[in-house]
Amino acid sequence: VRQRLIFAALTFLDHLSFDKLIKNKKVLHFAPEKSLGKVFRSNANVYKSADFLTEGYAYDNLDYNIDISNMQQIESDSFDSVIACDVLEHVLNHINGIKEVYRVLRKGGHCIFTVPQKDHLEKTFEDYSITSPREREKIFGQADHLRIYGSDFVNMLQNCGFEVETVDENSFDKAIAEKHVLFPPILSKHPLATNYRKVFFGKKPAPQT
């Protein structure tokens, strides 16, 4: 659903369109999904892929093997758009990851984030004392996840300086949402399910004129 929501936003929401966020822009894409990456690469002026590779993960032809929370190789104000879908839950210092994305974005640039969120959870839950892969899977939904996000993720982005717009199936006409399956037709009963998927578009404010 997250990828369909992103495509729908870039296609049907004029202020978040491909032309404004991707086309002829300089784009940095973390943990690049093949379908998204192919479209972004073909539309961007400069497309760079990135991830922080650890054992068990591999992506072909990465431009940066880099920790999103410490991107010293990348200059400030150097990208128009940064995409990181379901990345921050793997990052120990995820707030610093958000701050680093803000830093490398040009003024007026955008980030696109998704995170796994437990349905109806208000406050993000994390406990660094939980180190067992089995316990992490039980509590956070996956063995390499460090937290499960709540609806306070918007506040995290805002506290790092972003102007935030949350996109979900309700951001579209009902016909579009149904045609493009922007909401799961059958809700998962798993206690950590993210049935109500959201995409978070953050804008680094441009200077006032």
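For the structure, see preceding data.
Quick caveat, the model's predicted, so the values are computed rather than measured.

**Student:** Before we go on, may I ask you to explain the sheet that holds strand 8 (residues 163–167) in this structure?
**Tutor:** Backbone hydrogen bonds are what pair the strands of a sheet, in a parallel or an antiparallel way. Spatially, 3-2-1-4-5-9-8 is the arrangement adopted by the 7 strands of the open sheet, whose pairing is mixed. Two strands bound the open sheet, and with one partner strand each, they are strand 3 (64–65) and strand 8. Contacts from helix 4 (residues 94–104) reach strand 4 (79–85) and strand 5 (105–114) within the one sheet, and its direction differs from that of strand 5 by about 145°.

**Student:** Would you explain the packing of aromatic side chains in this entry?
**Tutor:** The description of an aromatic ring pair rests on the distance of the ring centres and on the angle between the ring planes. Counting across every chain of the model gives 6 aromatic pairs. With 5.1 Å between their ring centres and 80° between their planes, Y102 and F162 make a pair best called edge-to-face. Remark: F162 occurs in the loop between helix 6 (153–159) and strand 8 and Y102 occurs in helix 4; sequence separation between them is 60 residues. The interplanar angle of 50° and the centroid separation of 5.4 Å between the aromatic rings of F183 and Y196 together place this pair among those described as tilted. Residue F183 is found in the loop between helix 7 (174–179) and strand 9 (199–203), and its partner Y196 is found in the loop between helix 7 and strand 9; the two are separated by 13 residues along the sequence. Through successive ring pairs, a cluster of aromatic residues spans F113, Y149, F153 and F200. The ring of F79 has K26 sitting right over it, with the charged end atom 4.8 Å from the ring centre. Residue placement shows K204 over the ring face of Y102; its charged tip is 4.9 Å from the ring centre.

Criteria and cut-off values
- Residues numbered from 1 in each chain as written.
- Predicted model: local features only at pLDDT ≥ 70, side-chain atom pairs only at ≥ 80, totals over all residues.
- Heavy atoms only, no water.
- Pairing = 2+ DSSP bridges.
- Helix = DSSP H or I, 4+ residues; strand = E, 2+ residues; numbered from the N terminus.
- Contact = heavy atoms within 4.5 Å.
- Axes fitted to C-alpha atoms, helices over the stretch in contact; angles between N-to-C directions.
- Phe/Tyr/Trp six-rings, centres within 6.5 Å; stacked < 30°, edge-to-face > 60°.
- Lys NZ or Arg CZ within 6 Å of the ring centre and 35° of its normal.

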